[in-house]
Amino acid sequence: MTTVRARERFRRLRRNYEGGASRPLGGYLAALTAFGAYVGLLTGVGAASGARLPKRVSFGDVALVSLATHKLSRLFAKDAITSPIRAPFTRYEEPAGAGELNESVRGGGVRHALGELASCPFCLAVWSATTFTAGLVIAPRATRLVTTTLSATAVSDALQFVYDAAKHLPSRAETTEE
């Protein structure tokens, strides 16, 4: 099939899919291709390093990777300090509390798709979890160190919210006076 015919088929596919909305299917395809290439790269690094797949993954590693994935994906997608990374693809809207921001996606095509990826913790979680899981195979000690740090930060964040909420509870003296 010629390139011109392939492009026309993709345009028809996109028109039929979008129905009147504008969705950056080409950008999504580029992001999916990049993810596939990233997984291929990680697989190649693992094979070249002689890493072997574990027979099983421990519950502790799953817990560390889960918490670290949550923290890293929110850090990149929402944290104020990482906004310069998202700035080419998003526009600042308002603070979202606890050092996080609400942003809207800018542009079209690949730029829009990257903006959605960069500002979506759910989308980034797949990349984060893939990275940490590959890390457990390729460099387990270093990966456990990084995931422990991010997991501890995630637990600390949760405790900060609990502490802040507890400050607003009525004191024991206030409840007994009534």
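The model shown is predicted, which means the values in this text are computed figures rather than measured ones.

(A) Representation of the side chain of Thr-143. Structurally, Thr-143 is set in helix H7 (residues 140-167). On the basis of relative accessible area, Thr-143 is assigned to the buried category, the value being 9%. Residue contacts for Thr-143: discarding those within four places in its chain leaves Phe-132, Gly-135 and Leu-136.

(B) Structural detail: the nonpolar core. Of all hydrophobic cores here, the largest spans six residues; its members are Val-65, Ala-68, Leu-72, Phe-132, Leu-136 and Leu-150. Of all the secondary-structure elements, those providing two or more residues to this core are helix H3 (59-78) and helix H6 (121-138). In terms of residue count, the dominant contributor to this core is H3 (three residues). The contact partners of Ala-68, leaving out residues within four places of it in the chain, are Phe-132, Thr-147, Leu-150 and Ser-151.

(C) Spatial organisation of the pattern of salt bridges. According to the stated counting rule, one finds ten salt bridges in the structure shown. Between Glu-8 and Arg-11 there is a salt bridge; the shortest N-O distance is 3.5 Å. Separated by three residues within a single helix, Glu-8 and Arg-11 lie in helix H1 (residues 3-18), roughly one turn from each other. Relative accessible area serves as the criterion here: at 38%, Arg-11 is assigned to the partly exposed category. Connected through shared salt-bridge partners, Glu-8, Arg-11, Arg-12 and Arg-15 make up one network.

(D) Here's a closer look at the packing of H1 against helix H2 (residues 25-49). Contact geometry of H1 with H2 gives a least axis separation of 10 Å together with a crossing angle of 110°. Put simply, H1 runs roughly perpendicular to H2. Of the residues in H2, those touching H1 at Phe-10, Arg-14 and Tyr-17 are Leu-25, Gly-26 and Leu-29. Here the residues of the contact of H1 with H2 are counted per class, giving four nonpolar, one polar and one charged.

Criteria and thresholds
Residues numbered from 1 in each chain as written. Predicted model: local features only at pLDDT ≥ 70, side-chain atom pairs only at ≥ 80, totals over all residues. Heavy atoms only, no water. Helix = DSSP H or I, 4+ residues; strand = E, 2+ residues; numbered from the N terminus. Buried < 20%, exposed > 50% of the residue type's maximum accessible area, 1.4 Å probe, protein only. Contact = heavy atoms within 4.5 Å. Core = buried A, V, L, I, M, F, W, Y, C linked by side-chain atoms within 4.5 Å. Salt bridge = Lys/Arg side-chain N within 4 Å of Asp/Glu carboxyl O. Axes fitted to C-alpha atoms, helices over the stretch in contact; angles between N-to-C directions. Parallel < 35°, antiparallel > 145°, perpendicular 65-115°, else oblique. Nonpolar A, V, L, I, M, F, W, Y, C, P; charged D, E, K, R; others polar.

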